[in-house]
Amino acid sequence: MSARIYSPARTAMQSGKAKTGHWVLEFEPEKPLTIEPLMGYTSSSDMRRQVRLTFPTMEEAVAYAQKNGIAFRVEPEKKPKRRQVSYAENFRYDRKMPWTH
């Protein structure tokens, strides 16, 4: 039984930082998913796959895992690289790529 502790990134549908800034503890899957032959549903007999715990800080998530004897690995938080681009950049005369329609 091992777990993964990480800070989720924003989804592709968000422009802001909603639902980020917290830490999640998820268990690694122990059994593979199976396909039910009659209806084609995907299922698993691994009940820990459904458990997802959230914590405000990484330290609290690590303390919880250590207290309960859960083997874990921490994935470092990835900060997005922001690049400042002005609207006028689209109409520069010395662009590297030509502007076409």
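Criteria and thresholds
- Residues numbered from 1 in each chain as written.
- Predicted model: local features only at pLDDT ≥ 70, side-chain atom pairs only at ≥ 80, totals over all residues.
- Heavy atoms only, no water.
- Helix = DSSP H or I, 4+ residues; strand = E, 2+ residues; numbered from the N terminus.
- Rg over C-alpha atoms; globule rule 2.2 N^0.38 Å.
- Buried < 20%, exposed > 50% of the residue type's maximum accessible area, 1.4 Å probe, protein only.
- Contact = heavy atoms within 4.5 Å.
- Areas by Shrake-Rupley, 256 points an atom, 1.4 Å probe, with all protein chains shown as cover.
- Lys, Arg positive; Asp, Glu negative; His and termini not counted.
- Charge placed at Lys NZ, Arg CZ, Asp CG, Glu CD.
- Patch = residues over 30% accessible without salt bridge, like charges linked within 9 Å, V, L, I, M, F, W, Y side chains within 5 Å.
- Salt bridge = Lys/Arg side-chain N within 4 Å of Asp/Glu carboxyl O.
- 1 Å grid on protein atoms, 1.4 Å probe; cavity = no way out; pocket = protein on both sides within 12 Å on 5 of 7 lines; lining within 4 Å.
- Points joined across faces, edges and corners; volume = space filled by probe spheres on them.
- Nonpolar A, V, L, I, M, F, W, Y, C, P; charged D, E, K, R; others polar.

Caption draft 1: Examining the overall build of the protein more closely. Each helix and strand counted, the protein has one helix and six strands in total. Listing the helices and strands of the protein from first to last along the sequence gives β-β-β-β-β-α-β. Over its C-alpha atoms the protein spans a radius of gyration of 21 Å, topping by over 25% the 13 Å that the globule rule assigns to 101 residues. Burial statistics for the protein: of 101 residues in total, 16% are counted as buried. For the protein, restricting intrachain contacts to residue pairs at least 6 apart in sequence, the fraction spanning at least 24 positions comes to 51%. Working note: accessible area of the protein is about 8,800 Å², and carbon and sulfur atoms make up 56% of it. Here the protein contributes 18 positively and 11 negatively charged side chains, and the mean placements of these two sets differ by 6 Å.

Caption draft 2: Spatial organisation of a nonpolar patch on the surface. Side chains of Leu-38, Met-39 and Tyr-41 sit close together on the surface and give an oily, nonpolar patch of about 400 Å² of accessible area. Examined against the element boundaries, Tyr-41 turns out to sit in the loop between β3 (34–35) and β4 (42–43).

Caption draft 3: Main features of the layout of surface pockets. When its volume is computed, the largest pocket comes out at roughly 400 Å³. If you trace the largest pocket, you find 15 residues lining it, with Pro-8, Ala-9, Arg-10, Lys-78 and Pro-80 closest to the centre. Broken down by class, the residue content of the lining of the largest pocket amounts to five nonpolar, three polar and seven charged. Of the pockets and cavities examined, the second largest pocket occupies roughly 230 Å³. Around the second largest pocket sit Arg-83, Gln-84, Val-85, Glu-89, Asn-90, Arg-92, Arg-95, Lys-96 and Met-97, which together line it. Across the lining of the second largest pocket, the residue classes tally to two nonpolar, two polar and five charged.

Caption draft 4: Representation of the side chain of Asp-46 in the model. In this structure, Asp-46 sits in the loop between β4 and β5 (52–55). No salt bridge forms around the buried Asp-46; measuring N to O, its nearest opposite-charge neighbour Arg-49 is 4.7 Å away. When neighbours within four sequence positions are excluded, Asp-46 is seen to be in contact with Glu-28, Pro-29, Glu-30 and Lys-31.

As far as function goes, none of this settles anything; it's purely spatial.
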